[in-house]
Every structure is written in C-alpha cells, then in structure tokens.
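Spelled out, the chains give:
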Number of protein chains: 2
Amino acid sequence: MRIPFDELKATFEEILKSRGIKEETARISAENFASSSADGVYTHGVNRFPKVISYLERGLINGNGEPERVFSMGAVERWDGHMGLGNVNAKKAMDRACGLASLHGIAMVALKNTSHWMRGGAYGWQAAERGFIGLCWTNSMPNMPPWGGTDPRLGNNPLVIAVPSPDGNHAVIDMAMSQFSYGKIELARLKGETLPVPGGWNKGGALTCDPKEIEESRLVLPMGYWKGSGLSVLLDIAAAVLSGGRTVKEIGEAFGEDAGVSQIFIAMKPEPEALMAVTQVLEDVKASAPREGGSVFYPGEIEKNTRKENMERGIPVLDTVWETIQALKKGGSHG
Amino acid sequence: MRIPFDELKATFEEILKSRGIKEETARISAENFASSSADGVYTHGVNRFPKVISYLERGLINGNGEPERVFSMGAVERWDGHMGLGNVNAKKAMDRACGLASLHGIAMVALKNTSHWMRGGAYGWQAAERGFIGLCWTNSMPNMPPWGGTDPRLGNNPLVIAVPSPDGNHAVIDMAMSQFSYGKIELARLKGETLPVPGGWNKGGALTCDPKEIEESRLVLPMGYWKGSGLSVLLDIAAAVLSGGRTVKEIGEAFGEDAGVSQIFIAMKPEPEALMAVTQVLEDVKASAPREGGSVFYPGEIEKNTRKENMERGIPVLDTVWETIQALKKGGSHG
C-alpha cells in the first residue's frame, strides 16, 4: 500500500507522544522517519520505526534525553546526547554546526552518548538545504572484520558528504563502510538473488556473493577491501576522540547494539557563486556513456527521484509493517 | 641499492636549486620526497622526482610560484597556489590549518591552482606529529569512469585522515578512490601477477584482475564499486567549491594532466586526554585473529615499520632511477 507523507508522519508522531516523548521531539523524530521513507530509504525509515519503539521500551534510548553542550571553543562544540532519540540529536547537532559555520566559515559539533541516527544522509540533505556543505559520520557496534582479520571488530561507521546545488539538485553520499548492509544481504536472499559483487566471507574463509553464506558467517566485507577497513578505523577513532565518547569496541562492550554511539557533524560555508561547479560536475558525470542497459546517476539523484514520486503517490509501506505500526498506535508493544 | 636519507634529501635539494628554486622551497620539497621514500611510498617519492623536474621544465609547475592567501574568514582561508610545487604548497597549507585550528578548534585552508601534492599521507602525518587530527583531499585529472559509465570522468581524488597517538603510533589512511593505482597495476604486470581483487574493466566491459587488460582499456575500478565512484564526485565538488578552483573536468580540459588542482586541508584540535582512545582502538584491531598465513595491520603501521628500517639501512632505490637522478644533478633533462 501507499501511505501519504502527512499520514505517515502523523502516525509516527502520535505513537512517539503516546510513549511520553515531548511534542517537539516527537515532531522532529517523526519528520525524519517519514522523510527517509519518502526518499526511498525504508530500512532506516518506516521499517526501522518499530525497532526504535522497542529500544525506548528497553531503555536503550532515553525518550526524554536532551542533547546538552558540555564544551565550547571557537568553532567547536561538544555535546552529550544523554542517550536521546538519535535522529533528533543528530538534526540538532547539524543545525548547530551550520549556525556556527555561518560565523566561522567551518564548524564542528561532536556528539557523544547518542542513539543510532537512522539515515545518515538526512543530515547531509539538511545541511545542503540550508546552503552548507555537510560532512558527518557516526560509529556503531562492532559488525565487520578488519582486513586480514576474522572477527567483527570494526563498525560500519557511515560517512555522509553533501554539497548544495543552486538548482536544488544537491550532491549527497551516504555510505557505510561495509560493501552491503545486512538489510541488503537479507533482501537478496529473500529474492533468491546473489549479490552483484562479493559482500563477505563464507565460513570457509572465501569471499562470496551468496547472501546466505554471509548471514551464516556474519562476516561482511569492508567496501574497497582494505580501504574501507582502514577508513572505518579512522572514522571510529576520530569520532570517539573528538566527542570524548565511546569507541566501537566500547559500544560493543557496553551494549552489544547500536546504542550510546559517537558522531561528528562538520558544516562549511561555500561562496554562493562557487556553487556553479556543482551543476557542471553532476552534468559531466551524467554525460558518461552508460554500460549496456545501464544508467549513470549522480550521488543523490535516485533519492531525489524517489522523493518526487513518493510525495505525489504516497510512500510504499509493506502490509505487515503497517499492521505492526498500527498496533503500536493502540499502545501495543513492538512485537 | 640503498641510499641514506640525508644523501637522498641533499640530492633532491641540489637538483631543485639548480633549476632556480629558492633555497627554502627546495628544502621543503626535498624533505617531502625523501620522507615519502623513507616511508616506503617510492611511487610518490624518489620514483616520481624526475617527473616533477620534467613538469618544471614544461612549465606545468611554476618553481617559484608561492602560495598566496586570497580570502580569510574566521577559521577558513582560501589560498591560490600559483601553480607552485605541490608538496611545498600542501605542507604550508596544512601547517596553516593547524595554526588556525589551535585558535578555533577546527580550521580549513582551501588551496586552488596548485600542483600534485605527491604523497597525500605526508600531510596527515604532519598534522598528527603536531598533535592535530588532519583531514585532507585533492582532486586530479579525469582517470576513472563513474559507476555505470564507460569513460574516465572522475578523478582518483585521494583522501587522507590522520589521528595522533600519544605514543607516536599515529593512525593514518591515505586512499585514492580507485581500487588500485596505475603504478600498482603496472607492478603486477611486470611481476607476472594478477591483482588480488578486480581492479578495472577489460575492453569487453567485464571486471578483471588482469593488469594488462586494465592497462589496455584504461578503465580502473572505483574502490567499493559505486561507493568510491560517489565519494570521488563529492570530494571533487567540495574541493572545487571551497577553494574556488578547478574541477576534475576543468583540470582535464586545461591540462590533461595532474596540474592546477584543488585541495582541502582541515585540522581539528583534540583534547590530549581523549587520545588514549587511539591506542585502545589500534590494539583492538591488531588483536583480531588473522586469516591463515596473514596479519592484521592498523592504518599507518606498515609505513611506520618501513620508515624505521629505511632510516637505519638506507632507502632502497632502483639502479635505473638513481642513474636518472644523478643525470639530473649534472643539469641533464629528465630523460
């Protein structure tokens, strides 16, 4: 079925408020869940919502944890997220980073002790909509082996970069350090497909495109092999050091789930006239002769196209997911 | 043969000065070439030096081009590199970014119109040695197809991140957006080896591990497939927009070589006590049970080990390369 954006958002908001979340917090969080769904990132939008309610019930998220500034120096602030809703804390952090960047040219808000931010790309789009270049990343629980290793010690630590375009066609990437998410791997298995490129190791230690084998070994492949492995380590260290928060290892030890993570939000203020370069580059990328039967998309283009369609026709929601959410509305538990 | 660091550096310095380069500029540049060689990055150290001399002769590098600050606002400066030596401009830019970051917590120097910075990792190590977190990247000439495309429109746009460790074991990554450099691909062919993972497309449009096929097609693979492709686009746009300099497309049109590029240098000031996390994470990564016959290295470890060996035993230089360099000393052309 397809649910109109406003109905989806109102539903999320109602459920969050029924769990004792303050009105403004519920509104910001609901807006994020609905927008991510509108952009086609259902895994971190409507499909993820019931899990967040379960985290609230289990106390892994503090529904009324408010972000608090604990340090300020020049263009840098450090905040304690007090385990509050991750998508609300992250939005406020990127908002503040943009505000500081309009004074200093570049600014950073480092956030510790926060919850999973859901779709990282949201904070890139947010910065771009305000006319800023956004750069942000998060760490996570350990879920990926380092290159050369055989046990999950790295986070998938998504990295987001966004550059605003004068015509609204912003360039945005949102990339986890694993080649595929477990959500994508599961989807391939359910569809009876193999992955287009290797996505992890099998139990025998060989690289494989078979989603079932990766789900068995729980060893996903870093994107770019040794490159994503190294980048994951650096993003983790930088996030923990700059925020004073937990490392991937400490998240694993404290929670064993994506809770109490560390995040960095950097905003940079471009000169408006320099932004002409964005359109020029994106048009050049699009002009590349495509492989047979394929297309070339610029980073952010698919989300933009999906958003347009979903805002017009409503957001596709799986029947079972909608039933679960309706049950939450009636005060039921998440499952 | 192995050449002692001081002799290598003095040789570079002498040759640069004989080409009319100022004393201080020659010293900084020579130090960079020798240090990159000491760290084992010969491709961007001693092996690359003759090419830089040829660029000076051809006027693609302006030996006395000095970086000039053209804009300043808060924690941000924009510089014009005036086509000067890339490794000198880049060192000065990262130095200034660290200086500004000690005042503002975070700072950026955006550099346009500069030359190839040689080994990007050098500026990460530089920031880390000064106790700063360094984040820098450059764009390049078009040399890689976008994901889904068939002609080279993206740069390999290396990205560098460094975090200082209190014990000097800094964590540093220096990664191009291509899975392999053409240098690595050539080396595999010369050794008669195949690449360990796909490194590009063959002329038939299939992914291949055969170095010869990739050299024929000139189509290298973005690291992480679509991920490195997207990241390359964003790094290019951000570098050009923030510096007011050339995009990858414009570099291709203006020079068709790595000249007149755009670069970003960001420095962040960590709290000294927070740096304990660095050692903890690196030790945890190293503790991963290795694959059979393999080892797990933290990012920066191999360079550190190589540096130690090369400073003690001298830097390995190929006979033919050393002959070429000796000829340059006598005032000869690059060959």
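Reading guide: rules and limits
- Residues numbered from 1 in each chain as written.
- Chains lettered and ligands numbered in written order.
- Predicted model: local features only at pLDDT ≥ 70, side-chain atom pairs only at ≥ 80, totals over all residues.
- Least-squares fit on C-alpha atoms with pLDDT ≥ 70 in both.
- Contact = placed C-beta atoms within 7 Å.
- Buried ≥ 20, exposed ≤ 12 C-beta atoms within 10 Å, placed from the backbone.
- Helix = DSSP H or I, 4+ residues; strand = E, 2+ residues; numbered from the N terminus.
- Arc of directions from axis to C-beta.
- Pairing = 2+ DSSP bridges.
- Nonpolar A, V, L, I, M, F, W, Y, C, P; charged D, E, K, R; others polar.

Observations regarding the relation of the copies chain B and chain A
Each copy of the sequence occupies a distinct position, and chain B is placed on chain A by a rotation of 180° and an axial shift of 0.0 Å, giving an RMSD of 0.0 Å. What the rotation and shift describe, once combined, is the action of a two-fold rotation axis. Among all C-alpha atoms of chain B, that of G224 of chain B lies closest to the rotation axis, at 2.0 Å. Mapped onto chain A, 100% of the interface residues of chain B are again interface residues, and the two copies thus contact each other with one and the same surface.

Topic: helix 3 (residues 49-58) of chain B
Residue and element names in this part refer to chain B. Those residues of helix 3 that fall on the buried side of the exposure criterion are F49, V52, I53, Y55 and L56. Relative to the axis of helix 3, the buried residues are bounded by an arc of 155° and lie together on one face. Check the buried side of helix 3 and you find it contacts helix 1 (5-18), helix 2 (23-38) and helix 12 (319-329). Phi turns positive one or two residues past the end of helix 3, at G59, with a value near 80°.

Focus on the pairing of strand 3 (residues 76-80) of chain B
All names here are of chain B. Of all five residues that make up strand 3, five are buried, and the element is covered over most of its length. What you see with strand 3 is no split at all: V76, R78 and D80 on one side and E77 and W79 on the other are buried throughout. The pairing of strand 2 (residues 68-73) with strand 3 spans five bridges and is antiparallel. Along strand 3, the bridge assignment pairs F71 with R78. Between the end of strand 2 and the start of strand 3, which pair antiparallel, lie two residues, with G74 showing a positive phi angle near 60°. Pairing geometry for strand 3 and strand 4 (residues 106-114), over five bridges, is parallel. Each bridged residue has a counterpart across the sheet, and for W79 the counterpart in strand 4 is L111.

A closer look at the interface of chain B and chain A
Many analyses report the size of an interface as the accessible area lost when the parts associate. Listed as interface residues are 65 residues of chain B and, on the opposing side, 65 residues of chain A. Taken together, the elements giving at least two residues each to the side of chain B that touches chain A come down to helix 4 (86-104), strand 4, strand 6 (159-163), strand 7 (171-175), helix 8 (226-243) and helix 10 (276-286) of chain B. Looking at the side of chain B that touches chain A residue by residue, the class counts come to 40 nonpolar, 17 polar and eight charged.

What about the environment of A30 of chain B?
All names here are of chain B. Looking at where A30 falls in the secondary structure, it is placed in helix 2. Sequence spacing of A30 and V317 is 287 residues, and the spatial spacing of their C-alpha atoms is 15 Å. For A30, the residues in contact, after removing those within four places along its chain, are K9, F12, E13 and L16.

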